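# Results of the structural survey
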Amino acid sequence: MGEPQRVLVPLTQAAIFLVATIDEGGEAAVRELLAEVDDLRKSVGFRTPDQNLSCVVGIGHRAWGRLFTGPEPAELHEFPGYAGPVHSCPATPGDLLFHIRSEMTGTCYELAMAIATRLRDAATVVDETSGFRYFEQRDLLGFVDGTANPEGGAAEAAVLVGDEDPAFAGGSYVMVQKYLHPLDEWNALTIEEQELIIGRTKLSDYELPDDVKPPSSHVTMNTIVDADGVEHDIVRANMPFGTVGDGRLGTYYIAYCATPSVPEKMLERMFLGTDEAPYDRILDFSTAVTGSLFFAPSADFLGDLPDAPSSVADEDVDIDVPEFAPVIAAEAAPVVSDGSLSIGSMKGSN
Ligand code: HEM
């Protein structure tokens, strides 16, 4: 098994989630960055050893064949998106994911900047979210988030690809979705109503007894037990994010898994419902605005990339890395989409 990237690290105080699409002709520069990103992480992280800086890189299905020859991870595909009777969630573009974690936003930011600078003229950042840790690991709904994550060997088994796909053993699938919460509506509920929606007590974070927890509760919807009675887990590293002025705030959901079929089953149940409930009640207070699936290959894979397709000139990549990367001019950034995503072009910003 290849040495995994730092997928399973303890919770940090801060994270930056960067999702980018690769521009036409940007493949060679992206390959260069993939090979170099751990050195960048070391440059920032060695100076700040107490801040536990880490960066996991994920690659999307559409990008894979543009970057590498050879096989693709067996279960890598595009995030499907789900349209249920009441709620739906979109699939949004994403060729690259950088999940940057540290105890300080400043350290995350420094590494994000180094990455974005190298992606200039090669890729476009389509979503950038700065996450923070809230009180007692709570999300902005006020509930402790992450409690039921597996630990130790169980966590490794839940997230790492093994012998079922030997060429990619040590890698991990990564699913991300950005959810917005209408907090005023949520806060208008009583605590008891909220607890029935989540399936846990709010203050003390105990799971509600089975005869109290409704089938539409978030915990019930996300408890996946197969025909043999085996429970299937994922490891979540969700982070709150948001701006208070416009109330654009929510939960950045990120899940690592050995197979995307597990979180996909969860989403199927959440959005399309089960025999017992039409959908997950958390969705009445959570709107997904992005959704993408990636594969985070092992660190060994990144250290020794497969050959590039013949269309990609691997030699003589001329990446212009200025000493300081100025903020991208906002007026140069085309705003696409339904207004829910800020899409900024990294191009032409020198
Ligand atoms: C559990 C919040 C989205 C999967 C929980 C818990 C909270 C929570 C508070 C209970 C404590 C815990 O065990 O962590 C949220 C919020 C979301 C969100 C605010 C965004 C709106 C999702 C999504 C999935 C998911 C999209 C999967 C596709 C899970 C799982 C559990 C869980 C597997 C543990 C269930 C168990 O107890 O076994 N979530 N979640 N969550 N959530 Fe979410």
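Note that this is a predicted model, so its numbers are computed, not measured.

Within the protein chain, the secondary structure is distributed over nine helices and 13 strands. By residue count, 43% of the 350 residues in the protein chain fall in the buried class. Within the protein chain, residue pairs in contact and separated by at least 24 positions form 77% of the contacts whose partners lie at least 6 positions apart.

What follows covers the UniProt feature "domain: Dyp-type peroxidase N-terminal" (unreviewed entry) in the protein chain. Those places that UniProt annotates as "domain: Dyp-type peroxidase N-terminal" (unreviewed entry) correspond, in this numbering, to residues 5–133. From the first C-alpha to the last, residues 5–133 spans 22 Å; its make-up is 32% helix and 28% strand.

Along strand S1 (residues 14–22), eight of the nine residues are buried, which leaves the element largely enclosed by surrounding structure. Direction of pairing for S1 relative to strand S5 (residues 96–102): antiparallel, over a ladder of seven bridges. Bridging from a neighbouring strand, Ala15 pairs with Arg101 of S5. Bridging between S1 and strand S6 (residues 123–132) involves nine bridges; their strand directions are antiparallel.

All right, on to the UniProt feature "domain: Dyp-type peroxidase C-terminal" (unreviewed entry) in the protein chain then. As recorded in UniProt, the feature "domain: Dyp-type peroxidase C-terminal" (unreviewed entry) lies at residues 136–300. With 24% helix and 24% strand, the stretch residues 136–300 has end C-alpha atoms that lie 35 Å from each other.

Another aspect to go through is helix H6 (residues 191–198). Residues of H6 that are buried include every one of Gln194, Glu195, Ile197 and Ile198, and no others. Buried residues along H6 cover an arc of 160° about the axis, so they all sit on one side. In H6, the exposed residues that point more than 90 degrees away from the buried face are Glu192 and Glu193. Tucked into the core, H6 has its buried residues touching helix H7 (218–221). Backbone geometry just downstream of H6 places Gly199 in the positive-phi region, at approximately 100°.

For Gln137, which is not glycine, the phi dihedral falls at a positive 60°. The residue Gln137 is located in the loop between S6 and helix H4 (152–159) in this model. Residues other than glycine seldom take positive phi values, yet Asp205 does so here, at roughly 65°. Mapped onto the elements of the fold, Asp205 is located in the loop between H6 and H7. Assessed through the 16 C-beta atoms surrounding it within 10 Å, Asp205 is described here as partly exposed.

The ligand sits among 24 residues. The nearest are Phe143, Ala148, Asn222, Met266 and Ser286. Broken down by element, the residue count for the shell around the ligand peaks at three residues, all from helix H8 (residues 261–272). Considered class by class, the residues forming the shell around the ligand number 13 nonpolar, eight polar and three charged.

Owing to 15 C-beta atoms within 10 Å, Gln137 belongs among the partly exposed residues under this scheme. Between the C-alpha atom of Gln137 and that of Ser88, which follows or precedes it by 49 residues, the distance is 27 Å. Those residues within four positions of Gln137 in sequence are excluded, and the remaining contacts are Leu11, Val144, Asp145 and Gly146.

Definitions and cut-offs
- Residues numbered from 1 in each chain as written.
- Predicted model: local features only at pLDDT ≥ 70, side-chain atom pairs only at ≥ 80, totals over all residues.
- Helix = DSSP H or I, 4+ residues; strand = E, 2+ residues; numbered from the N terminus.
- Buried ≥ 20, exposed ≤ 12 C-beta atoms within 10 Å, placed from the backbone.
- Contact = placed C-beta atoms within 7 Å.
- UniProt positions renumbered as here; feature names shortened; annotations may be inferred.
- Pairing = 2+ DSSP bridges.
- Arc of directions from axis to C-beta.
- Near = placed C-beta within 6 Å.
- Nonpolar A, V, L, I, M, F, W, Y, C, P; charged D, E, K, R; others polar.

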